[in-house]
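Observations on chain architecture
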Amino acid sequence: MNRMRRFFLLLPLLGFAVSLGPALSLAGDPKSSAPKKRDRKPAPVMSYQGAGWLERLSREREENPQKLIAALKLEPGDVVADIGCGSGYYARRMAPMVGPSGKVYGVDIQPEMLQIMKQLMKRDGVTNIEAVLGEPTDPKLPPGSVDWMLLVDVYHEFQDPAPMLAKMREALKDDGKVALVEFRLEGATARHIKIDHRMSPAQVMAEWEPAGYTLLELNEDLPTQHLFIFGKTPAKSSDASADTEVTPASHPVEKREG
Ligand SMILES: C[S@@+](CC[C@H](N)C(=O)[O-])C[C@H]1O[C@@H](n2cnc3c(N)ncnc32)[C@H](O)[C@@H]1O
């Protein structure tokens with residue numbers, strides 16, 4: 001085989017190696033400095049038809065919800081928003097902690113999920129959750145009203161994260177905080193979860209910092225998930241959120257198990 005012919009035969013292999021590059025960098029060292037641009041595509045939104053999976057018993061072992069909620073140190077009277085609440089698995093567990101003087105907003109973009117949450121609230125005798133039908137880029141919450149936002153296994157599904165983060169920020173009180181929980185992209189703890197439903201600290205920081213959030217704590221005490229606690233960065237540096245490049249995904253709602 002002459003040299004020219006060998007070169008043309010190897011060309012497709014070279015192209016394959018180059019296209020693998022970004023995928024491999026996703027699994028990079030979580031302690032490495034944050035990439036300046038988004039390096040991921042949003043995962044499809046999980047359909048309400050998979051709501052049973054959100055109520056599975058194994059979540060106790062996989063996620064330790066008590067430990068997660070304890071990290072928020074909720075107090076009676078607090079106003080909490082469970083963004084992307086699904087069937088209300090976390091909203092229903094937080095509601096007794098804020099008591100009748102507080103409230104939980106259960107926000108979701110699928111009305112069917114909110115219906116399921118309401119049925120489970122009735123079953124559990126929980127009354128202080130207000131169901132809110134959000135839009136993909138707007139949680140539809142009153143401005144400056146929320147002490148704590150909780151996002152469990154949802155942020156990676158935001159199809160257009162930058163405007164959603166901006167609206168969430170508006171709804172937070174000045175001293176309000178956000179608990180962001182995502183399955184670990186790196187390591188073996190969350191291998192049972194599809195890769196596009198997991199995130200690394202570098203990916204999170206690349207999108208949240210420019211959107212006007214300051215990391216207060218990265219808690220790694222949960223079995224399979226990162227727990228990020230964010231506060232609001234004072235207004236001056238927040239309007240940089242427009243820099244975040246966003247690639248809306250064209251995925252339809254997906255049925256999901258793991
Ligand atoms: C995987 S489920 C998690 C549900 C819940 N957080 C839990 O851990 O049980 C993701 C939920 O987020 C909702 N969701 C996706 N994008 C959203 C958005 N932009 N605003 C509000 N909810 C959203 C979906 O409809 C779905 O119910």
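Model, not experiment: these values are computed from the prediction.

Basis of the calculations
Residues numbered from 1 in each chain as written. Predicted model: local features only at pLDDT ≥ 70, side-chain atom pairs only at ≥ 80, totals over all residues. Helix = DSSP H or I, 4+ residues; strand = E, 2+ residues; numbered from the N terminus. Contact = placed C-beta atoms within 7 Å. Core = buried A, V, L, I, M, F, W, Y, C linked by C-beta atoms within 7 Å. Buried ≥ 20, exposed ≤ 12 C-beta atoms within 10 Å, placed from the backbone. Near = placed C-beta within 6 Å. Nonpolar A, V, L, I, M, F, W, Y, C, P; charged D, E, K, R; others polar. Pairing = 2+ DSSP bridges. Right-handed = clockwise from strand over helix to strand, strands pointing away.

Below, the discussion takes up the overall build of the protein. What the protein contains, in helices and strands, is eight helices and eight strands. For the protein, the proportion of contacts with a sequence separation of at least 24, taken over those separated by at least 6, is 75%.

On to the nonpolar core. Among the nonpolar cores identified, the biggest contains 52 residues, and V80, A81, M149, L151 and L180 are the most heavily contacted of them. Sequence-distant contacts of A81, that is, excluding residues within four places in its chain, are made with Y105, V107, P139, L141, V146, M149 and A171.

To continue, consider unusual backbone geometry. At N64, a position not held by glycine, the phi torsion is positive, near 45°. Among the structural elements, N64 can be located in the loop between α3 (59-63) and α4 (65-70). Its identity as a non-glycine residue notwithstanding, K73 has a phi of 50°, on the positive side. Given 10 C-beta atoms within 10 Å, K73 falls into the exposed group.

Helix α5 (residues 89-98) sits mainly inside the fold: seven of its ten residues count as buried. Within the sequence span of α5, burial applies to Y89, Y90, A91, R92, M94, A95 and V98. Backbone geometry just after α5 places G99 at a positive phi near 70°.

Attention now moves to helix α8 (residues 201-208). Among the eight residues in α8, seven count as buried, and that is most of the element. Those residues of α8 lying buried are P201, A202, Q203, V204, A206, E207 and W208. Where the residues of α8 are buried, they touch α7 (161-171), β5 (172-184), β6 (198-199), β7 (213-219) and β8 (225-232).

With that settled, consider the site of the ligand. Looking at the ligand, there are 22 residues lining it, with G84, G86, Y89, V152 and V154 nearest. Elements supplying a minimum of two residues to the shell around the ligand: α5 and β2 (103-108). Across the shell around the ligand, the residue classes tally to 15 nonpolar, four polar and three charged.

Along the polypeptide, D174 turns up in strand β5. Taking the number of C-beta atoms within 10 Å as the measure of exposure, D174 has 9 and is therefore exposed.

For the rest of this paragraph, the subject is the environment of D138. Considering the arrangement of structural elements, one finds D138 in the loop between β3 (129-133) and β4 (146-152). For the pair formed by D138 and L165, sequence separation is 27 residues and the distance between their alpha carbons is 8.5 Å.

Counting buried positions along β5 gives ten out of 13 residues, so the element sits mostly inside the fold. Relative to β5, β4 runs parallel, the two sharing six bridges. From the neighbouring strand, L151 faces β5, where its bridge partner is L180. Note on the crossover from β4 through α7 to β5: the handedness is right-handed. Two strands pair when backbone bridges link them, and β5 and β8 are joined in this way by seven bridges, in the antiparallel orientation. Bridging across to β8, L180 finds its partner in F228. Across two bridges, β5 lies against β6 in parallel orientation. By the bridge assignment, R184 is partnered in β6 with M199.

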